[in-house]
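So the chains spell out like this:
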Number of protein chains: 2
Amino acid sequence: MRLSQLSTKTQKQTSDSDVSRNAQFLTRAGYIGRLMAGVYSFLPLGMRVLNNIENIIRDEMNGIGGQEILMPALQPKDIWEKTGRWDKVDILFKLKGAGNRDLALGPTHEEVVTPLMAGFIQSYRDLPKAVYQIQTKFRNEARAKSGLLRGREFRMKDLYSFHNGQDDLDAFYEEATAAYHRIFQRCGLGDITLLTYASGGIFSKYSHEFQTVTPYGEDVIYRVPETDIAINKEIIDDREVLAELIPGYKPGDEKKLEEVKAIEVGNIFKLGTRFAASFNAGFTDADGSQKFPVMGCYGIGPSRVMGAIAECLSDDNGLVWPEQIAPYHIHLVSLVNDAADLEKCENIYQQLCDTGVSVLYDDRDARAGEKLADADLIGLPHRIILGKKTLADNCFEWKKRTESDSHILPLEQIGDIAPARSTK
Amino acid sequence: MRLSQLSTKTQKQTSDSDVSRNAQFLTRAGYIGRLMAGVYSFLPLGMRVLNNIENIIRDEMNGIGGQEILMPALQPKDIWEKTGRWDKVDILFKLKGAGNRDLALGPTHEEVVTPLMAGFIQSYRDLPKAVYQIQTKFRNEARAKSGLLRGREFRMKDLYSFHNGQDDLDAFYEEATAAYHRIFQRCGLGDITLLTYASGGIFSKYSHEFQTVTPYGEDVIYRVPETDIAINKEIIDDREVLAELIPGYKPGDEKKLEEVKAIEVGNIFKLGTRFAASFNAGFTDADGSQKFPVMGCYGIGPSRVMGAIAECLSDDNGLVWPEQIAPYHIHLVSLVNDAADLEKCENIYQQLCDTGVSVLYDDRDARAGEKLADADLIGLPHRIILGKKTLADNCFEWKKRTESDSHILPLEQIGDIAPARSTK
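Residues numbered from 1 in each chain as written. Chains lettered and ligands numbered in written order. Predicted model: local features only at pLDDT ≥ 70, side-chain atom pairs only at ≥ 80, totals over all residues.

**Considering the overall build of chain A**
When helices and strands are counted, chain A shows eleven helices and 21 strands. Counting all 424 residues of chain A, 48% fall into the buried class. If you take every contact in chain A between residues at least 6 apart in sequence, the share linking residues at least 24 apart comes to 70%. (Helix = DSSP H or I, 4+ residues; strand = E, 2+ residues; numbered from the N terminus. Buried ≥ 20, exposed ≤ 12 C-beta atoms within 10 Å, placed from the backbone. Contact = placed C-beta atoms within 7 Å.)

**Quick notes on the relation of the copies chain B and chain A**
You can overlay chain B on chain A at an RMSD of 0.0 Å; the transform is a turn of 180 degrees with a shift of 0.0 Å along its axis. Here the copies are linked by what is in effect a two-fold axis. Within chain B, B:Leu95 has its C-alpha nearest the rotation axis, a separation of 2.6 Å. The overlap is high: 100% of the interface residues of chain B also sit at the interface in chain A, so the same surface is used on both sides. (Least-squares fit on C-alpha atoms with pLDDT ≥ 70 in both.)

**Some remarks on the domain arrangement of chain A**
Taken domain by domain, chain A consists of domain 1 (21-313) and domain 2 (330-416). Once you take the C-alpha centre of each, domain 1 of chain A and domain 2 of chain A turn out to be 41 Å apart. (Domains from an automatic or database assignment.)

**Focus: the interface of chain B and chain A**
Facing 42 residues of chain B, the contacting portion of chain A comprises 42 residues. Of all the secondary-structure elements, those providing two or more residues to the side of chain B that touches chain A are strand E1 (32-36), strand E2 (39-42), helix H2 (44-63), strand E3 (67-68), strand E4 (74-76), strand E5 (93-97), helix H4 (110-118) and strand E7 (129-138) of chain B. The residue makeup of the side of chain B that touches chain A, split by class, is 24 nonpolar, eleven polar and seven charged. (Nonpolar A, V, L, I, M, F, W, Y, C, P; charged D, E, K, R; others polar.)

**Some points on helix H2 (residues 44-63) of chain A**
Residue and element names in this part refer to chain A. Look at H2: 28 Å from first C-alpha to last across 20 residues, which is about the 28 Å you get at 1.5 Å a residue. Taken together, the buried positions of H2 are Leu-45, Gly-46, Met-47, Arg-48, Val-49, Leu-50, Asn-52, Ile-53, Ile-56, Ile-57, Glu-60 and Met-61. Where H2 ends, the next residue or the one after it, Gly-65, has phi of about 90 degrees, a positive value. (Expected span 1.5 Å × (residues − 1).)

**Quick look at helix H9 (residues 339-354) of chain B**
Residue and element names in this part refer to chain B. Taking 1.5 Å per residue, 16 residues should reach 22 Å; H9 reaches 22 Å between its end C-alpha atoms and fits that length. Along H9, the positions that sit buried rather than exposed are Cys-345, Ile-348, Tyr-349 and Leu-352. Seen end-on, H9 carries its buried residues on one side only, within an arc spanning 100 degrees. Along H9, the residues that are exposed and aim more than 90 degrees away from the buried face are Ala-339, Ala-340, Glu-343, Asn-347, Gln-350 and Asp-354. One or two positions beyond H9, positive phi appears at Gly-356, with a value near 90 degrees. (Arc of directions from axis to C-beta.)

**Regarding the sheet that holds strand E18 (residues 359-362) of chain A**
Residues and elements named next belong to chain A. Taking strand neighbours across the sheet as the criterion, the five strands line up as E18-E17-E19-E20-E21 in an open arrangement whose pairing is mixed. Strands with a single pairing partner mark the edges of an open sheet, and in this sheet they are E18 and strand E21 (406-410). Going from strand to strand, the sheet's axes swing by 25 degrees on average, the running direction of each strand aside. Sheet analysis places strand E17 (residues 330-335) next to strand E19 (residues 382-387), joined by six bridges and oriented parallel. (Pairing = 2+ DSSP bridges. Axes fitted to C-alpha atoms, helices over the stretch in contact; angles between N-to-C directions.)

**Observations regarding the packing of helix H1 (residues 21-28) of chain A against helix H8 (residues 302-313) of chain A**
Residues and elements named next belong to chain A. Their axes nearest at 8 Å, the elements H1 and H8 cross at an angle of 95 degrees. In this view, H1 runs roughly perpendicular relative to H8, as classed from their interaxial angle. Touching Arg-21, Asn-22, Phe-25 and Leu-26 of H1 are Gly-307, Ala-310 and Glu-311, all from H8. Classifying every residue of the contact of H1 with H8 gives three nonpolar, two polar and two charged. (Parallel < 35°, antiparallel > 145°, perpendicular 65-115°, else oblique.)

**Quick look at the nonpolar core**
Judged by nonpolar contacts, the single largest core of 245 residues is most densely connected at A:Ile309 and B:Ile309. Every residue in contact with A:Ile309, bar those within four places of it in the chain, is listed here: A:Cys187, A:Gly188, A:Leu189 and A:Ile325. (Core = buried A, V, L, I, M, F, W, Y, C linked by C-beta atoms within 7 Å.)

**Regarding the environment of B:Val333**
Residues and elements named next belong to chain B. Secondary-structure assignment places Val-333 in strand E17 (residues 330-335). In sequence terms Val-333 and Glu-111 are 222 residues apart; their C-alpha atoms lie 51 Å from each other. Aside from chain neighbours lying at most four places away, what touches Val-333 is Asp-362, Lys-371, Leu-372, Ala-375, Arg-383, Ile-384, Ile-385 and Leu-386.

**Here we look at the sheet that holds E17(B)**
Residues and elements named next belong to chain B. Here we have five strands laid out as an open sheet, ordered E18-E17-E19-E20-E21, and mixed in their pairing. With one partner strand each, in any of the chains shown, strand E18 (359-362) and strand E21 (406-410) form the two edges of the open sheet. Put simply, the sheet's adjacent strands are angled 25 degrees from each other on average, direction ignored. In this structure, E17 lies alongside E18, joined through four bridges in parallel fashion. Bridged to Val-333 within E18 is Asp-362. Sitting on the sheet, H9 touches E17, E18 and strand E19 (382-387), and the angle it makes with E17 is about 170 degrees. Its contacts with the sheet put helix H10 (residues 368-378) on E17, E18 and E19, and the angle it makes with E17 is roughly 175 degrees.

**Quick look at the pairing of E21(B)**
Bridging between strand E20 (residues 395-400) of chain B and E21(B) involves five bridges; their strand directions are antiparallel. Residue B:Trp398 lies in a different strand from E21(B), and its bridge partner there is B:His407.

**Side note on the confidence of the model for chain A**
Overall, the predicted model of chain A reaches an average pLDDT of 94, with 98% of residues at or above 70. If you check the scores for this complex, the pTM reads 0.97 and the ipTM reads 0.96. (pLDDT = per-residue confidence, 0-100.)

**Quick notes on unusual backbone geometry**
For the peptide bond that leads from A:Leu127 to A:Pro128, omega is -5 degrees, which places it in the cis range. Counting through the fold element by element, A:Pro128 comes out in the loop between helix H4 (110-118) and strand E7 (129-138). In this structure, B:Asn100 is a non-glycine residue whose phi angle is positive, near 60 degrees. By the secondary structure assignment, B:Asn100 is in the loop between E5 and strand E6 (101-105). Positive phi outside glycine occurs at B:Asn280, with the angle close to 50 degrees.

**Some remarks on the pairing of E17(B)**
Within E17(B), six of the six residues are buried, which leaves it mostly tucked inside the rest of the structure. Neither face of E17(B) is left uncovered, since the one carrying B:Ile330, B:Leu332 and B:Ser334 and the one carrying B:His331, B:Val333 and B:Leu335 both have all their residues buried.

**Remarks on the environment of A:Val359**
All names here are of chain A. Looking at the secondary structure, you find Val-359 in strand E18. The class for Val-359 is buried, based on 22 C-beta atoms found within 10 Å. A C-alpha to C-alpha distance of 49 Å links Val-359 and Glu-244, two positions 115 residues apart in sequence. For Val-359, the contacting residues outside a window of four places in its chain are Tyr-328, Ile-330, Leu-332, Tyr-349, Leu-352 and Cys-353.

**Structural notes on the environment of B:Ser4**
Residues and elements named next belong to chain B. Of note, Ser-4 is situated in the segment before helix H1 (21-28). Given 13 C-beta atoms within 10 Å, Ser-4 falls into the partly exposed group. Between the C-alpha atoms of Ser-4 and Arg-364, which are 360 residues apart in sequence, the distance is 5.6 Å. Residues contacting Ser-4, with those up to four places away along its chain left out, are Asp-363 and Arg-364.

Structure representation (structure tokens):
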């Protein structure tokens with residue numbers, strides 16, 4: 001993609017209303033555009049980042065046997081009344097449809113997926129099942145000041161699993177936990193994302209959050225030393241969880257846990273039979289008895305992950321995208337003026353494109369300082385500068401976004417900088 | 001995919017509330033599930049069909065220079081007041097957000113895209129631009145009885161183009177028209193989809209609809225003989241359009257036009273400068289003068305296209321998917337019982353998967369009649385039957401969904417039936 005053809009431009013400043021670090025950088029670099037608090041458009045660069053994140057999630061959900069579906073945002077009141085949540089979920093957007101019918105905009109889909117899948121679960125032979133969607137969701141948040149980290153409208157992957165018995169759910173829950181760790185690893189957040197114990201409701205001692213540690217986080221969690229595990233604020237006084245997680249726990253030891261700020265990027269939850277019971281969605285077991293499937297739900301917010309990467313991995317000069325997430329691999333900058341050199345640059349751009357490497361080519365007629373500042377702000381993993389002198393020497397200048405030193409390399413090595421992106 | 005592993009099952013009947021042909025077949029075959037009138041879930045098979053349609057559209061939009069974005073469904077009242085449409089658009093879903101703020105759910109996105117792109121259009125050098133999204137949209141329809149053909153929540157591709165002057169818009173509009181023809185051709189609706197003249201508003205004589213001819217259609221259009229062009233009901237009394245489209249037109253000739261029923265699957269519209277003027281979104285032209293960009297919008301409904309294919313191309317036994325749209329290419333049916341034959345079937349399934357052909361394998365322990373009826377209902381382009389006798393002869397039985405005759409072929413030719421699907 002040529003920067004001269006890209007639909008967006010970088011901006012020096014954003015409006016005061018976006019105070020969060022992720023919104024500042026993502027807006028200035030042209031990844032997102034704000035419509036109102038907590039509601040953003042994804043622009044071409046941002047769309048590519050979002051797709052990369054969603055495709056990683058999709059790949060891992062398919063890997064544990066999830067089948068992709070797409071459920072509606074519009075949901076009738078009656079299904080929310082069946083589960084007793086119409087009046088309890090305070091962030092529910094409510095509206096009137098034709099015939100004055102009460103509707104909600106889905107912030108989650110237990111009320112839809114349970115009766116939907118019940119139509120296909122009559123026998124123990126129909127279990128287990130796991131379906132997921134990657135979809136736009138809605139929460140009527142009172143305050144939404146954190147860019148992509150707390151949206152009123154946001155992207156969500158939610159997987160729902162249905163099992164014959166608790167053991168089967170427990171085994172799948174472990175698989176899903178491992179898949180979540182792989183997702184955050186592939187998104188570049190693996191080292192700073194902690195499996196965090198949270199309260200579990202009546203069907204399970206705990207649920208689990210995935211919390212990305214950052215001073216800009218809105219949540220407070222307590223890290224268990226020398227582990228990748230943490231405990232959230234809600235249950236830090238629960239001696240049972242403390243005894244389970246801290247070897248040789250003695251009362252008071254919880255004060256030694258490291259208190260850190262974090263962003264919740266995912267959560268997984270054992271739902272038990274509550275929702276199946278609400279819809280009277282039973283099945284016939286091998287012995288002829290009627291049972292309810294035991295359910296689990298597994299959420300992760302792709303747009304929030306995008307915000308978390310922007311919030312946690314950027315530096316003072318702008319965004320810093322991990323290789324698998326970046327909208328393009330290489331930011332190619334031409335700093336030449338005369339026709340012969342410009343043609344050389346064009347040929348190098350074409351050559352890189354032909355080998356399947358994704359390249360953002362700054363072919364604009366702009367000052368060197370502006371081009372280099374934009375490259376830092378946009379934050380692709382590799383910057384290649386083509387200057388008059390290096391081109392004359394049949395060389396190019398290469399710098400990684402995460403490093404400060406650049407390297408002069410011969411042009412024949414330009415194809416080795418970044419891998420061709422798989423089409424997966 | 002093994003049918004025994006698929007999350008859905010076929011059904012003999014659907015509830016009475018879905019009277020349309022497309023909803024009947026798509027529900028019975030397990031492609032969609034109804035939540036309420038005009039609101040459906042897409043199940044794994046349906047998701048694959050929808051993705052195939054959306055990827056064809058994406059490919060053609062990228063081909064004319066469109067850049068993909070994603071805009072919000074939640075839209076504040078003030079932008080709809082600026083264009084004077086808050087009270088005029090009767091199908092607008094309205095709701096209250098935090099702080100009692102009035103919001104709408106987007107049925108279209110002129111109010112969002114115009115100020116959004118204005119931030120990147122300061123100079124004539126920034127034009128033309130074309131951005132599109134493929135997104136869930138909302139219309140508060142009074143009646144929604146036509147399955148995927150008239151949804152309250154539905155998938156939509158909307159592209160918006162911005163130009164310096166009418167000539168540039170006109171040229172792009174022609175390109176978009178050609179791209180639309182290619183989309184319907186690739187979706188298997190090319191031969192029955194007519195470019196239909198409709199009224200144009202103040203900036204253009206006409207707009208254009210793409211209407212798919214079917215006795216099940218809700219619209220009435222008038223076909224110009226020996227052409228792929230039609231005129232819609234709204235402007236059939238407009239002598240100017242009649243004179244333009246019918247060679248040697250004389251008053252009264254319009255009575256000779258063939259009246260047919262049809263489904264509107266797309267529409268394109270020259271918007272002029274109306275929306276840019278509403279948002280005072282001007283640019284500086286080469287001569288220093290201030291101008292408004294001339295806009296066009298180009299809509300197509302992927303879920304409606306899916307419904308139109310189901311409505312128009314199915315037969316009495318079920319769905320009939322075109323090769324590029326089908327969720328899988330081959331429906332592989334094993335009609336054997338003993339272990340050695342079942343192992344042969346497993347090997348053939350694996351072999352087909354390994355060559356990159358997409359296969360739905362009916363490995364269920366079910367009666368032959370049920371398996372064959374399900375194959376017809378699900379509607380994949382190729383059916384392969386593996387029976388005891390044909391396997392003993394190292395053969396397989398192949399039938400196209402669109403043909404009644406089957407063929408016995410040697411097993412070594414099984415890889416030639418369907419092409420490996422490109423990853424594009």
